[in-house]
Amino acid sequence: MFIKKYVVINSILIFGLCFLFHFAYNFFDNFIFALIFPVNESIFEHIKLVFTSYIFSSLFLSKYYKNNTLINNLLFSTLMSYLLCIFVYLIVWIPLYFNGVENMIFTIVWLFVSIIISQIIVYKLYNKNVNRDYNKISLVFIILLFIIFGILTYKPLKNPLFIDPQTKSYGIP
C-alpha cells in the first residue's frame, strides 16, 4: 500500500514541479538556475525540466520517507522512471510537433499521462532489492546528465530539438 501511495504522490509532485520549475529561470536569471531549469521553450529545455522535476521530487520524498526500504532503490528507480517518461512522452509528442500539430492542453495532459505511465511501470522496481551497484551507477548517470544538460544549455546544438520556437533562437535568450 505504501508504494502505491508513493507512486501517486510522486506523480502529482513531479507534475506540479514541472509547472513551478518552468518559470524558475524567469524569476531567478542566473548561472545556477540556467543549469537546472529551462531557459527557453525548446524541446531540449523541456526534457531538462522534466529531469529536474524527477530529481527534486525524489530528493524531497527521500527526506519525507527516509525510514523506508524504498530509499534503497531511489536513484535507480528515479533514473529509470525519468528515462521511461521521456521516451513515452516523446514517442507520441515529437511526430505531432514536427507535423505542425501543437496543442498546449494535449501537451500538458500527455506529460501527466507519461509521468503516470512511467511511475506505474517503475512501481515494480520500488519493491525489488536492487543491486547497490545499480544505485551507484545511477548516481553517476544522474550527475552526468546534469553536466550534459548544463553544457548543452550554454552550447546548444544547431538542431531542431534545441531551437526555441517562439524566438527562433538557441540557448539562453
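Above this note sits the structure.
A brief structural summary. Remember, it's a predicted structure, so these values are computed and weren't measured experimentally. (Residues numbered from 1 in each chain as written. Predicted model: local features only at pLDDT ≥ 70, side-chain atom pairs only at ≥ 80, totals over all residues. Heavy atoms only, no water.)

1. Here we look at the side chain of Ser53
- Along the chain, the position of Ser53 falls in helix 4 (residues 43-64).
- Other than its neighbours up to four places away in sequence, Ser53 contacts Ile14, Leu17, Cys18 and Phe21. (Helix = DSSP H or I, 4+ residues; strand = E, 2+ residues; numbered from the N terminus. Contact = heavy atoms within 4.5 Å.)

2. With respect to the side chain of Asn135
- Note on placement: Asn135 falls in helix 7 (residues 132-154).
- Engagement of the side chain of Asn135 in a polar contact is seen with the backbone nitrogen of Phe76, the distance being 3.0 Å. (Polar contact = N/O pair within 3.5 Å; in protein donor to acceptor, adjacent residues only side chain to side chain.)

3. Brief notes about the nonpolar core
- In this structure, Val50 and Tyr82 are the most contacted members of the largest nonpolar core, which totals 27 residues.
- Secondary-structure elements contributing two or more residues to this core are helix 1 (2-22), helix 4, helix 5 (74-98), helix 6 (104-127) and helix 7.
- In terms of residue count, helix 5 provides more of this core than any other element does, nine residues in total.
- Ignoring anything within four residues of it in the chain, the contact list for Val50 reads Cys18, Tyr82, Cys85, Ile86 and Leu111. (Core = buried A, V, L, I, M, F, W, Y, C linked by side-chain atoms within 4.5 Å. Buried < 20%, exposed > 50% of the residue type's maximum accessible area, 1.4 Å probe, protein only.)

4. Description of the state of the cysteines
- For the structure shown, the criterion picks out zero disulfides.
- With no disulfide of its own, Cys18 has Cys85 as its nearest cysteine by sulfur position, at a separation of 7.5 Å.
- Looking at Cys18, the relative accessible area reads 4%, which means it is buried.
- Note on Cys85: relative accessible area 0%, which makes it buried. (Disulfide = S-S within 2.5 Å.)

5. Describing a nonpolar patch on the surface
- Together, Leu75, Leu139, Ile143, Ile147 and Ile151 make up an exposed nonpolar region whose accessible area comes to about 420 Å².
- Looking at which element gives the most residues to the nonpolar patch, the answer is helix 7, with four residues.
- The topology assignment puts Leu139 in helix 7. (Patch = residues over 30% accessible without salt bridge, like charges linked within 9 Å, V, L, I, M, F, W, Y side chains within 5 Å. Areas by Shrake-Rupley, 256 points an atom, 1.4 Å probe, with all protein chains shown as cover. Salt bridge = Lys/Arg side-chain N within 4 Å of Asp/Glu carboxyl O.)

Bear in mind that shape data such as this cannot, by itself, settle questions of function.
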